[in-house]
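# A structural walkthrough
Now for the letters of each chain:
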Amino acid sequence: MMKVIILLLLFIFPYSIVRAEDGSKLWLRYVSVSKDVAHNRSISIHSKDPIILLAKQELVNFWGKQSIELAVDRKLTYLKDGFKITGNLNRIKVIAHEPVGLLYAAYHLLQLQATNQPVSNLNIEEIPSFDIRILNHWDNLDRTVERGYAGYSLWKWDELPGVISPRYEEYARANASIGINAVVINNVNASPQILSSQYVIKLKSLADIFRRYGIKVYLSVNFSSPKILGGTKDSDPLNPEVILWWKNKVKEIYQVIPDFGGFLVKANSEGQPGPQDYGRTHADGANMLADALKAYHGVIMWRAFVYNPSSEDRAKQAYQEFVPLDGAFRDNVIIQIKNGPIDFQPREPFNPLFGALQKSNEMVEFQITQEYLGFANHLAYLAPLFKETLDSDTYADGKGSTVAKLTDGTLRPARKTAIAAVANIGEDINWTGHHFGQANWFAFGRLAWNHELSSEQIAEEWISMTFSTDNKFIDPVKKMMMGSRETVVNYMMPLGLHHIFAFDHHYGPEPWGDQEGGRPDWMPWYYHHADTVGLGFDRTSNGSNAISQYRPPIQEVFGDIQLCPDQYLLWFHHVPWSYTMKSGRSMWDELCYKYDAGVQQVRAMQQVWDRLEGQVDQQRFVEVQSKLKIQSRDAVWWKDACLLYFQTFSKKPIPYDIERPV
Ligand code: GCW
């Protein structure tokens, strides 16, 4: 009887549509070639390099068309990690300077095939925008993940190096397919234990897998490691005993992992130890480590995310600490700067430190994990957020000094350029908790490879590789993704509001939050300053003057309430409730409409998705649908909580044509 019902169901719903699909395959859904194709096509190489062999294998398995020749040409130094693909219907030639370039070319070809792009007349040259395209995992050694919403860490430290999970290789392959070539394995709030010999051996087993995919491993290190692990008197960067400890540790690492990438350091920030504990500067600390790594071509990524509870505006502190040190850093130090001056908010203006450091290497740090954008519950496509920062003109070296061009070597030649993002990856079957979280991992990789790609193009690539190549599916989903980040901004923190999250976990709204004895700079009022006059943080010269850290003409634009774009208004200005906005509405009314728009937009996303039932496998359909339900409830929660709270200051009615808070 059961069998008959199943057969009947399969007849009504073709198997390919109802088949369960858990999302574990990510965007890597290449179809294996038939024996016929394999027979009539050749993939030739002249090398035994393991990365080239892998490139060949991927093509042998999945390339459905012409014969291909893969070759390394050491003369083409300008190509570095890049590649050239030329050819016609019968034969394709791929050339790269490095073996990994051939691997990237293989994935490029497979992507063209998977997205139904023409491959008959190819003339492609791709060179990555940044040298180091790196994921930062905030994974702890006990397998919890700081700000991680996709289950426990992928790294099973207790089993390593003996047991190798197949997911290590799947992870490496996914990264290589989008050009990511580096990973920081552990949390920036680093346990000193990661540098113990036992862990170095565990790390080696991961490095050995990743190497085949062109990926180098890096470690976050705790600045107190010499004292805690090595028993030195202190961890003063100028103490010869400390310097020697680091030198030996670096040597030990390179003995087992010869291509180890380097260290990422969070120092004197949020309670982490650092050189200032000994009266030294960030440069003293960074340079000491950089010297230890130099002989091995290792790199130090030194974070600029520093602030202290003080009377100074938190948004100004990184600039104040780092600009006086400009020029003091070794050339294998890169200052890693969060995209905005506060902390990965749904929207921030660009960090004024970009370009302000004239003689130091700089790189951007984005956050893919959605600490401040609804965790793995909300659909928020982040390519538009990443691009907003990368395309921001700092005017540091004149007009056109975008953050991208300042950090990719175009305007400021650097030994190595880099871009980082905090990963959203965990043990969950679908890797990222929300199926659409995969798109943000993908988008970061694609933009690190080519920051000129448009968010639309990346969305389209991802949708067609992950779900369907049918335009009837791609178009509405792309539209939904493209608006999704702005939607989150609308229902959480429109008009430049920021950091009004519930204390510590950062999920829901708590603009009224006031922890007894808590740090004032961790309390929401610090950021929104609501009072009977108005709302917003005055960062003009009448207030904290954070505006002075931006260059003209940005300074004039952000600093003038009339010129300041609406999206940053309450970031830079304390605006009266009845102030007339560009729309003609009062600031209070505008705020109400924005929150309401956010709610309506999530409901519209639900409708778009609901209509796609049957065009995508049932499992992913239902899982995304359920997440959208949560998102829509949360949007109402945000709107009601924020409007009812701010209304206690504005004392104005909520316009009747928006949904009433209850
Ligand atoms: O965004 C904040 C997070 C912390 C994080 C810190 C940082 C790793 O709330 O959890 O710590 O930033 O970036 O160092």
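Quantities reported herein were computed from a predicted structural model and do not represent experimental measurements. (Residues numbered from 1 in each chain as written. Predicted model: local features only at pLDDT ≥ 70, side-chain atom pairs only at ≥ 80, totals over all residues.)

Within the chain, the regular secondary structure consists of 21 helices and 15 strands. Its C-alpha atoms give the chain a radius of gyration of 26 Å, near enough to 26 Å, the size a compact globule of 662 residues would have. Expressed along its principal axes, the backbone C-alpha trace of the chain runs to roughly 75 × 75 × 50 Å. Taking all 662 residues of the chain together, 51% fall into the buried category. Long-range pairs, those at least 24 residues apart, make up 71% of the contacts in the chain with a sequence separation of at least 6. (Helix = DSSP H or I, 4+ residues; strand = E, 2+ residues; numbered from the N terminus. Rg over C-alpha atoms; globule rule 2.2 N^0.38 Å. Buried ≥ 20, exposed ≤ 12 C-beta atoms within 10 Å, placed from the backbone. Contact = placed C-beta atoms within 7 Å.)

Take the site of the ligand next. As a structural note, the neighbourhood of the ligand is formed by W138, E146, R147, V188, N189, K266, E270, F305, D343, F344 and E371. Per-class residue counts for the shell around the ligand are four nonpolar, one polar and six charged. (Near = placed C-beta within 6 Å. Nonpolar A, V, L, I, M, F, W, Y, C, P; charged D, E, K, R; others polar.)

Relative to the helices and strands, V636 resides in helix α21 (residues 618-650). Residues V636 and A71 lie 565 residues apart in sequence; the distance between their C-alpha atoms is 57 Å.

Looking now at the confidence of the model for the chain. Detailed reading of the predicted coordinates is not advisable wherever pLDDT falls low. Residues at a pLDDT of 70 or more form 97% of the chain, whose mean pLDDT is 96. Below pLDDT 50 for its whole length, residues 14-18 participates in six contacts with residues either more than four positions away or in separate chains. Interface scoring of the predicted complex returns ipTM 0.99; its pTM is 0.97. (pLDDT = per-residue confidence, 0-100.)

In terms of domain boundaries, the chain breaks down into domain 1 (23-126), domain 2 (132-453) and domain 3 (489-537 + 574-650). Placing the centre of domain 2 and that of domain 3 at their C-alpha centroids yields a distance of 30 Å. Taken together, the contact pairs 18 residues of domain 2 with 20 residues of domain 3. Here the side of domain 2 that touches domain 3 is built from residues that sort into eight nonpolar, six polar and four charged. (Domains from an automatic or database assignment.)

Another aspect to go through is the sheet that holds strand β4 (residues 91-96). Taken together, five strands build an open sheet; the order of strands is β1-β2-β4-β3-β5 and the sheet is mixed. A single partner strand is all that each edge strand has here, and the edge strands are β1 (43-45) and β5 (122-126). Strand-to-strand twist in this sheet, taken as the mean axis angle between neighbours without regard to direction, amounts to 15 degrees. In the sheet, strand β3 (residues 83-87) pairs with β4 via five bridges, with the strands oriented antiparallel. Considered in β4, the bridge of F83 is made with A96. Sitting on the sheet, helix α4 (residues 50-62) touches β1 and β2 (67-72), and the angle it makes with β1 is about 170 degrees. Each of β2, β3, β4 and β5 touches helix α5 (residues 99-114); the most contacted strand, β3, lies at about 50 degrees to it. (Pairing = 2+ DSSP bridges. Axes fitted to C-alpha atoms, helices over the stretch in contact; angles between N-to-C directions.)

Turning our attention to the pairing of β2. Only one face of β2 is buried, namely the one carrying I68, L70 and V72, since none of S67, E69 and A71 on the opposite face is buried. Here β1 pairs with β2 via three bridges, running parallel. Across the sheet, the residue bridging to I45 is L70, located in β2. Crossover handedness for the path β1 to α4 to β2: left-handed. Pairing between β2 and β4: six bridges, direction parallel. Opposite L70, over in β4, you have V94 as the bridge partner. (Right-handed = clockwise from strand over helix to strand, strands pointing away.)

This paragraph deals with the sheet that holds strand β10 (residues 299-303). To summarise the sheet geometry, strands pair through backbone hydrogen bonds and adopt either a parallel or an antiparallel arrangement. Taken together, the eight strands give a closed barrel; going around it, the order is β6-β7-β8-β9-β10-β11-β12-β13, and neighbouring strands pair in parallel fashion. Within the sheet, the average angular offset between the axes of one strand and its neighbour, ignoring direction, is 25 degrees. Here strand β6 (residues 132-136) pairs with strand β13 (residues 418-422) via five bridges, running parallel. Within the sheet, the bridge partner assigned to N136 lies in β13 and is V422.

A word on helix α10 (residues 282-294). For α10, which comprises 13 residues, the first-to-last C-alpha distance of 18 Å matches the rise-based estimate of 18 Å (1.5 Å per residue) to within 8%. With respect to burial, α10 is a largely interior element, 10 of its 13 residues being buried. Listed in full, the buried residues belonging to α10 are H282, A283, G285, A286, N287, M288, L289, A290, A292 and L293. In this structure, the buried side of α10 is in contact with α9 (240-256), β9 (262-265), β10, α11 (314-322) and β11 (333-338). (Expected span 1.5 Å × (residues − 1).)

Let us now look at unusual backbone geometry. The omega torsion across L160 and P161 is 0 degrees, close enough to zero to call that bond cis. Along the chain, P161 falls in the loop between β6 and α6 (166-177). Between P552 and the following residue, P553, the backbone shows a cis peptide bond with an omega angle of 0 degrees. One non-glycine residue, H506, lies in positive phi territory at about 65 degrees.

Our next topic: the packing of helix α14 (residues 437-449) against helix α15 (residues 455-466). For the pair α14 and α15, interaxial distance at closest approach is 10 Å and the crossing angle is 130 degrees. With respect to each other, α14 and α15 are oriented oblique. Between α14 and α15 lies a crossing whose hand is right-handed. Touching Q438, A439, F442, A443 and R446 of α14 are I458, A459, W462 and T466, all from α15. (Parallel < 35°, antiparallel > 145°, perpendicular 65-115°, else oblique. Left-handed = near helix turned anticlockwise from the far one by under 90°.)

Connecting the antiparallel pair β3 and β4 is a turn made up of three residues. Here five bridges tie β3 to β5, and the two strands are oriented antiparallel to one another. When the bridges of β5 are listed, K84 appears paired with E125.

Close contact between helix α16 (residues 471-492) and helix α20 (residues 587-610) brings their axes to 9 Å; oriented N to C, the two are set at 155 degrees. Considering the angle they form, α16 stands roughly antiparallel to α20. Between α16 and α20 lies a crossing whose hand is left-handed. Contact residues: α16 offers P476, M480, G483, S484, T487, N490 and Y491, while α20 offers K594, Y595, A597, G598, V599, Q601, V602, M605 and V608. In the contact of α16 with α20, the residues fall into nine nonpolar, six polar and one charged.

A few words now on the environment of A418. Mapped onto the fold, A418 is located in strand β13. Taking the C-alpha atoms as reference points, A418 and Q336, separated by 82 residues in sequence, lie 8.9 Å from one another. The contacts of A418, once residues within four sequence positions are left out, are F130, D131, I132, I134, M301, I334 and M363.

In this section: the nonpolar core. Nonpolar side chains tend toward joint burial in soluble globular proteins. Within the largest apolar cluster, 196 residues are counted, with the highest numbers of intra-cluster contacts made by V94, L102, L103, V183, V217, L289 and I300. Top contributing element to this core by residue count: α5, with 10 residues. Those residues in contact with L289, other than ones at most four positions away along the chain, are W246, F263, V265 and I300. (Core = buried A, V, L, I, M, F, W, Y, C linked by C-beta atoms within 7 Å.)

Turning to the environment of N450, a few remarks are in order. Topologically, N450 is positioned in the loop between α14 and α15. Residue classification places N450 among the partly exposed residues on the basis of 15 C-beta atoms within 10 Å. Separated by 21 residues in the primary sequence, N450 and I429 place their C-alpha atoms 29 Å from one another.

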